[in-house]
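Coordinate inspection notes
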Amino acid sequence: MLENVEIRNTKEAGRGLYSTKNFETGMNILNSTPYVHTLALKYHGVRCAQCCVFKPKLLRCAGCKLQYYCSKDCQKSAWKIHKEECKMLKSEKSMPDDITLFLGRILIRVENEFGDSDEPNNKIDSFIHVLQLESHFDRLDPSQQEDLGIFLMKFNLYWKKPIPGSLRSSRKLLDLVAAIKNNQFAICDEESSICDIGSALYLNHSLINHSCKPNAFPVFNGTNLVIKALEKIAPGEEIKIAYTDTKAVIQDRRDYLNDIYRFVCQCQGCTNDDEVDRKKHLDKKGNVIRRSDAIWQSAETMVRDMEEFKKNKEWNLMKEAAQGWLARKFLPDENIFWIRLNEFAFDAGIETQEWSLCLETGASLIVNYKEIYGPMHPTLGIHLMKFAKILLHIEKPNEAEEYFRRAFAIMSLFYEPESAVRKQLLDLILQSYELAQVEEDKTGAEKKKADKADKNDGKPKLKNLFAELKANGQI
Ligand SMILES: [Zn+2]
Ligand SMILES: [Zn+2]
Ligand SMILES: [Zn+2]
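Values in this document were obtained by computation on a predicted structure and should not be read as measured data. (Residues numbered from 1 in each chain as written. Chains lettered and ligands numbered in written order. Predicted model: local features only at pLDDT ≥ 70, side-chain atom pairs only at ≥ 80, totals over all residues. Heavy atoms only, no water.)

1. Looking at the coordination of the zinc ion (ligand 2)
Only C61 (SG), C64 (SG), H82 (NE2) and C86 (SG) from the protein reach the zinc ion (ligand 2) as donors, at distances of 2.0 to 2.4 Å. Around the zinc ion (ligand 2), the 4 donor atoms sit at angles spanning 104 to 116°, and that spread fits a shape best called tetrahedral. Look at where the donors of the zinc ion (ligand 2) fall in the sequence and you get C-x2-C-x17-H-x3-C. Within this pair, whereas C61 is found in the loop between β5 (59-60) and β6 (68-69), its partner H82 is found in helix α1 (residues 72-90), the two being separated by 21 residues in sequence. You'll find C61 and H82 in the same group, each marked buried. (Donors = N, O, S within 2.8 Å, 3.2 Å for Na, K, Ca; no water. Tetrahedral: all angles 85-135°; square planar, octahedral: opposite > 155°, others 65-115°. Helix = DSSP H or I, 4+ residues; strand = E, 2+ residues; numbered from the N terminus. Buried < 20%, exposed > 50% of the residue type's maximum accessible area, 1.4 Å probe, protein only.)

2. Some thoughts on helix α13 (residues 397-414)
In a regular helix each residue adds 1.5 Å, so 18 residues correspond to 26 Å; α13 covers 25 Å between its end C-alpha atoms and thus fits that length. The largest bend along α13 reaches roughly 25° and is located at F408. Restricting attention to buried positions, one finds in α13 the residues P397, A400, E401, Y403, F404, A407, F408, I410, M411, S412 and F414. (Expected span 1.5 Å × (residues − 1). Bend = angle between axes of the 7 residues up to and from the residue.)

3. A short note on the domain arrangement of the chain
Interfaces are frequently sized by the accessible area removed from exposure as the parts join. Taken domain by domain, the chain holds domain 1 (34-186) and domain 2 (294-471). Centre-to-centre separation of domain 1 and domain 2, based on C-alpha positions: 41 Å. (Domains from an automatic or database assignment.)

4. A closer look at the environment of N224
You can see N224 is positioned in strand β11 (residues 224-229). Along the chain, N224 and T361 lie 137 residues apart, while their C-alpha atoms are 34 Å from each other. What N224 contacts, discounting residues up to four positions off in sequence, is N31, S32, T33, P34, Y202 and V219. (Contact = heavy atoms within 4.5 Å.)

5. Concerning the packing of helix α3 (residues 142-159) against helix α4 (residues 170-183)
At a closest axis distance of 10 Å, the pairing of α3 and α4 adopts a crossing angle of 105°. In terms of orientation, α3 and α4 fall into the roughly perpendicular class. Contacts between α3 and α4 involve L148, G149, F151 and L152 on the former and, on the latter, L173, L174, V177, A178 and K181. (Axes fitted to C-alpha atoms, helices over the stretch in contact; angles between N-to-C directions. Parallel < 35°, antiparallel > 145°, perpendicular 65-115°, else oblique.)

6. What about the sheet that holds β11?
Ordered in space as β3-β11-β10, the 3 strands form an open sheet in which the pairing is antiparallel. Here the strands that pair on one side only, and so sit at the sheet edges, are β3 (28-32) and β10 (216-221). Within the sheet, the average angular offset between the axes of one strand and its neighbour, ignoring direction, is 20°. As defined by bridge partners, β3 adjoins β11 across 4 bridges and the pair is classed as antiparallel. In the strand pairing of β11, S32 is matched with L225. (Pairing = 2+ DSSP bridges.)

7. Some words on the pattern of salt bridges
In the structure shown here, the tally under the stated rule is 30 salt bridges. With its nearest N and O atoms 3.2 Å apart, the salt bridge here joins K160 to E92. Of this pair, K160 sits in the loop between α3 and α4 while E92 is found in the loop between α1 and α2 (98-114), placing the two residues 68 residues apart along the sequence. Judged by its relative accessible area of 48%, K160 is partly exposed. The salt bridge involving K279 is made with E371; its shortest N-O contact spans 2.9 Å. Of this pair, K279 sits in helix α7 (residues 275-279) while E371 is found in helix α11 (residues 355-373), placing the two residues 92 residues apart along the sequence. (Salt bridge = Lys/Arg side-chain N within 4 Å of Asp/Glu carboxyl O.)

In structure tokens:
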């Protein structure tokens, strides 16, 4: 898949990846296994350390007794790196923290691949090798630089052996740690609803630059990361993904990108007066609200409170507070604070089973997500799926089916036929359809009794539904 893209120097962001062919929405651009990955400490002993799946019973490494795997195969795949790590872990009483384990695994690979040289001993299957990752160490604040130094001192207590020759100067090691921090991906589940499963480094993906108006989107398939085209891409176009949630307003996006990645975003979305972005700042009269305005401050307090409730899982309080704010309706639906409020209210509605709240806020989010992310974006697809599940739960199968189909139309572009999310959607479409049939039969039978008339609205039977999905390439 490396032939799909080529590495080039960009005008403003160092290296970048450029398309070498035409891509349609949903097509795979890049597909990579991690160079190194770790399972988050919180899932230790719960998920497999190699493929990260949940399994009630895991096999424990007989050596260190600290790593757990779902199968012999996973244990074998992990052994290439774990072999060295296992010796170090044996002298630890408990698991080291995530970043220590992560750096240790990188050093094991560096040791194996580079020995004492600055170049890898064998041909590599990525555009760059790990020592060519871009480091932003010089752009960090002095306190951040100091933190990295302290981390390395602690790391040495774990590592306990010589650092590989290619990294023996302390500056090189600091550069590597800074580069890792910059390029680590959080491993998410397929639906991107759980994003704290672990961390991974993908060398090719580290070359993909950011845009708040991206043309590509990362999707996880286990621990593999697949970059999908979000729109048509022509040869010669730069591939860009969003490093942050593009829903946020320009200033928040820029602050975040500068804090974490040390650059000021100059993308089209940030520099052109973008209509969608402009709407996020408007009040009900159509005036732009600013940070110093009282209304901005109330809205900010509202979001902070919601975040706090969510963090503490105080769902009932969150629901009541959200309902209170919604009733005040002091901002328009497209305003970013109102979008955030709708998201919190939607989540609180699900947790407290307040379905009317979910329907009201969920519908508003569908409109806004479509506007912000575009009509064929996985974020919209996932939201449509959640919305439809609620409709099915409250026994509105006809409407549920419609929303499941809309979700499927998007998700089938981005997920493989055998993916869990696609299988689940297909199953839910059929469930809704069948439930709708049962209800129709019930009401039909009642009506028949009443006026002895046979009503049939010509809805396609199950067989036709399959034929239809097949014709659309959806199964
Ligand atoms: Zn596994
Ligand atoms: Zn072990
Ligand atoms: Zn931007």
